[in-house]
Protein chains: 2
Amino acid sequence: MRTMLLAASAALALSLPLAAQDEPPSSSEAVGQTKTPAPAPAEIVAAAPKADWVTIPAEELLVMTLAPDAEGKPRQVVIQLMPAPFSQGWIHNIKLFARAKWFDNISVNRVQDNYVTQWGDLNYDNPEAKGKPKPLPEGLKVMTEAEYTADMPFRSLSTGFKGSRKDPYAEEAAFSGGFPVAFRFYPPPPGAKLSEFATSSWPTHCYGMVGVGRNYSPDTGSGAELYTVIGHAPRHLDRNIALVGRVIEGMQFLSSLPRGSGDLGFYTEAEAAKRTPILTVRVASDLPAGEQPKFEYLSTESQAFATYADAIANRRDPFFIVPAGGADICNIKVPVRRVVEAN
Amino acid sequence: MRTMLLAASAALALSLPLAAQDEPPSSSEAVGQTKTPAPAPAEIVAAAPKADWVTIPAEELLVMTLAPDAEGKPRQVVIQLMPAPFSQGWIHNIKLFARAKWFDNISVNRVQDNYVTQWGDLNYDNPEAKGKPKPLPEGLKVMTEAEYTADMPFRSLSTGFKGSRKDPYAEEAAFSGGFPVAFRFYPPPPGAKLSEFATSSWPTHCYGMVGVGRNYSPDTGSGAELYTVIGHAPRHLDRNIALVGRVIEGMQFLSSLPRGSGDLGFYTEAEAAKRTPILTVRVASDLPAGEQPKFEYLSTESQAFATYADAIANRRDPFFIVPAGGADICNIKVPVRRVVEAN
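Residues numbered from 1 in each chain as written. Chains lettered and ligands numbered in written order. Predicted model: local features only at pLDDT ≥ 70, side-chain atom pairs only at ≥ 80, totals over all residues. Heavy atoms only, no water.

A. Main features of the sheet that holds strand E1 (residues 53-55) of chain B. Residues and elements named next belong to chain B. Spatial ordering of the open sheet is given by E1-E13-E14, a layout of three strands whose pairing is antiparallel. The sheet terminates laterally at E1 and strand E14 (336-338), the two strands that pair on one side only. Averaged over all neighbouring strand pairs, the angle between strand axes comes to 30°, with direction disregarded. Where strand E13 (residues 295-298) and E14 come together, three bridges link them in antiparallel fashion. Bridging across to E14, Glu296 finds its partner in Arg337. (Pairing = 2+ DSSP bridges. Helix = DSSP H or I, 4+ residues; strand = E, 2+ residues; numbered from the N terminus. Axes fitted to C-alpha atoms, helices over the stretch in contact; angles between N-to-C directions.)

In structure tokens, the structure reads:
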């Protein structure tokens, strides 16, 4: 199937999922290539030493089970919560909601194209609620704007990364603890190293990141209502809405839902049937050991990650005519993979 | 419905569609706002003088009719083709394909999450084709890499735009003829004004842009196989694949399709039923006058557009705590609206 193969090989050199990128161009396609193909980013990831992969603690994974699809196939979404110090107050609340089973039997209420998919309880904080609001769990924290930012160590990508990483939204965009983060610098103390710069930092609204719906400040949202980005990164939301994690599996179950026809993509009452039921949301560590999904991410501090990011910014693998010579922080997707244990 | 309204108002201040943004926050929500709200970007667009809107010629519109959805509702996609000098060779071919009805009864064959939706004829250039390839129309042009770039006048956004517009992929990203464009500068002739700089320029892979699937260079694709971006802008494709236009209506019919489970999001034979049929593709000017859709875009040379872009980069409307102080070229969406004529 020449067209398909070639179309495939075109994207092959370009895109996640890794499973696809791991497949090298077929020999027939390699014909005509005048030089040894440079490794594609996914090939670099596949070759990364095991030691460069960081296990995600089960305590930092949320397992969200949607109702089965129209064909009766199960739909499970796994969300990786952000590590400290980011957004820990909201994450505390989200775990309380999950452990109180407060998230059970809620629904996806809004899908706005090139923006967000949002889910929650239609009876929550809603004077027009048709049903009875669930009692809120004890111990919810109330967050303030101050918690939108935090001082963080960071990886600037200056090691091994060639090319532009200009960011329209910050002085620096890099990675910290496996997540994309933007930074503002403050004057360094005399004689300080770059790594000792005082910074303000915040996670960035990339595709698949999960955030907290909120009211006007200073109420910054409890974590009861969440959304994920299903389009181009709405970076203007950075520092304005708290990000608590990212979808690491099952994203397609949230991104391919029918868009709502109401304002902002909310489903109207007439299309209430399109609201996808969310059956359960569990912290992975609360599941029976045998049911706990296990994931690991490629350390953003590793040389393999720097090489991967450099390859994304300077594609030299087949198909490319002109390497970009730079990369947008949201296009350097942190590799995450499921750990399948041998029996 | 407080939560819904508030959630709505949050997004209200942020996102397309314009219809949603045109709706101001309700008075109850305005309570507690300490200053007069600054206009949201969509409010600036709504207030733009009629003279700032540019009619898109029917010759530059493609009308693609998909099979009705599962509920029997029609699905029509409208694509605005790029104006000269960009990609005119491919656009010539695409009009030939459309006028030869060559695109009729093709299908969407690939949907890869956070990447592209791609459509074409499964029998085209395909040794494993089950059906007979359609004869190609006469007069197809063969493009070369040189046609990936062109010298263009451009708007730098320096007028009225405050804040960072750093671009990781080019020396400058701006707008030209209503489309997002990236630029490389060459030394200006002695005494030249900025506007007289010699530049190389190319359209950018933003959400909804439509491109031409291709083989390895120097074969750069005929236009028979097209895709649109359904995720974060894959800007590394800029200058590597030709862009020919953008989806201006019906994008949700392409972005919310089920993702393919094959490599790269291609539908497998087992899920062939998921391939959405494309019934017809017509150049709007070939339709009966009464059936020709009419659209206009906000001139990217207008002061209203500069004010709109500045408002996106520096949100001061309700809900925002911290204006971004800059904007990514793909987040400054060129306003396009359907012209509804009074009867």
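B. Quick look at the packing of aromatic side chains. Tallied over the full model, the rule gives 14 aromatic pairs over all chains. Ring plane angle 50° and centroid distance 4.7 Å describe the contact between B:Phe97 and B:Trp102, whose orientation is recorded as tilted. Summarising the burial analysis for this pair, B:Phe97 and B:Trp102 share the class buried. Connected via pairs of aromatic rings, a cluster forms that spans A:Phe97, A:Trp102, A:Phe103 and A:Tyr124. Positioned over the ring face of A:Trp102 is A:Lys134, at 5.7 Å from the centre of the ring. (Phe/Tyr/Trp six-rings, centres within 6.5 Å; stacked < 30°, edge-to-face > 60°. Buried < 20%, exposed > 50% of the residue type's maximum accessible area, 1.4 Å probe, protein only. Lys NZ or Arg CZ within 6 Å of the ring centre and 35° of its normal.)

C. Examining the sheet that holds strand E5 (residues 116-120) of chain B more closely. All names here are of chain B. Read around the barrel, eight strands follow the order E2-E3-E11-E9-E10-E5-E4-E12 and close on themselves; strand pairing throughout is antiparallel. Within this sheet the neighbouring strands show an average axis-to-axis angle of 35°, counted without direction. Of the pairings in the sheet, the one linking strand E3 (residues 75-81) to strand E11 (residues 243-249) comprises four bridges and is antiparallel in character. By the bridge assignment, Gln80 is partnered in E11 with Arg246. Where helix H5 (residues 88-99) meets the sheet, it contacts strand E2 (61-66), E3, strand E9 (209-212), strand E10 (226-229), E11 and strand E12 (277-283), and its direction lies at approximately 115° from that of E12. (Contact = heavy atoms within 4.5 Å.)

D. View of the nonpolar core. If you look at the biggest cluster of nonpolar residues, it comprises 88 residues, and the most contacted ones within it are A:Phe103, A:Trp119 and A:Ile332. The dominant element in this core, judged by the number of residues it contributes, is helix H7 (residues 303-313) of chain A, at seven residues. Formed by 86 residues, the second largest nonpolar core is a distinct cluster that contains B:Ile56, B:Phe103, B:Leu257 and B:Ile278. (Core = buried A, V, L, I, M, F, W, Y, C linked by side-chain atoms within 4.5 Å.)

E. Highlighting the environment of A:Tyr216. All names here are of chain A. Among the secondary structure elements, Tyr216 is positioned in the loop between strand E9 (209-212) and strand E10 (226-229). Using a relative accessible area of 11% as the deciding quantity, one classes Tyr216 as buried. Each C-alpha atom of the pair Tyr216 and Asn240 lies 9.9 Å from the other, and the pair is 24 residues apart in sequence.

F. Broad picture of the pairing of strand E5 (residues 116-120) of chain A. Residues and elements named next belong to chain A. Among the five residues that make up E5, five are buried, leaving the element largely enclosed by the rest of the structure. Covered by surrounding structure in E5 are Val116, Gln118 and Gly120 together with Thr117 and Trp119, the residues of both alternating faces. The sheet contact formed by strand E4 (residues 106-112) and E5 spans five bridges and is antiparallel. Pairing of Val111 across the sheet is with Thr117, part of E5. Between E4 and E5, which pair antiparallel and follow one another directly, the connecting turn spans three residues, one of which, Asn114, has a positive phi of 55°.

G. Region of the structure containing the pairing of E10(A). Residues and elements named next belong to chain A. Burial of E10 is two-sided: the residues Leu226 and Thr228 facing one way and the residues Tyr227 and Val229 facing the other way are all buried. Across four bridges, E5 lies against E10 in antiparallel orientation. From the neighbouring strand, Gln118 faces E10, where its bridge partner is Tyr227. In this sheet, E10 lies alongside E9 in antiparallel orientation, the contact comprising three bridges. In the strand pairing of E10, Val210 is matched with Thr228.

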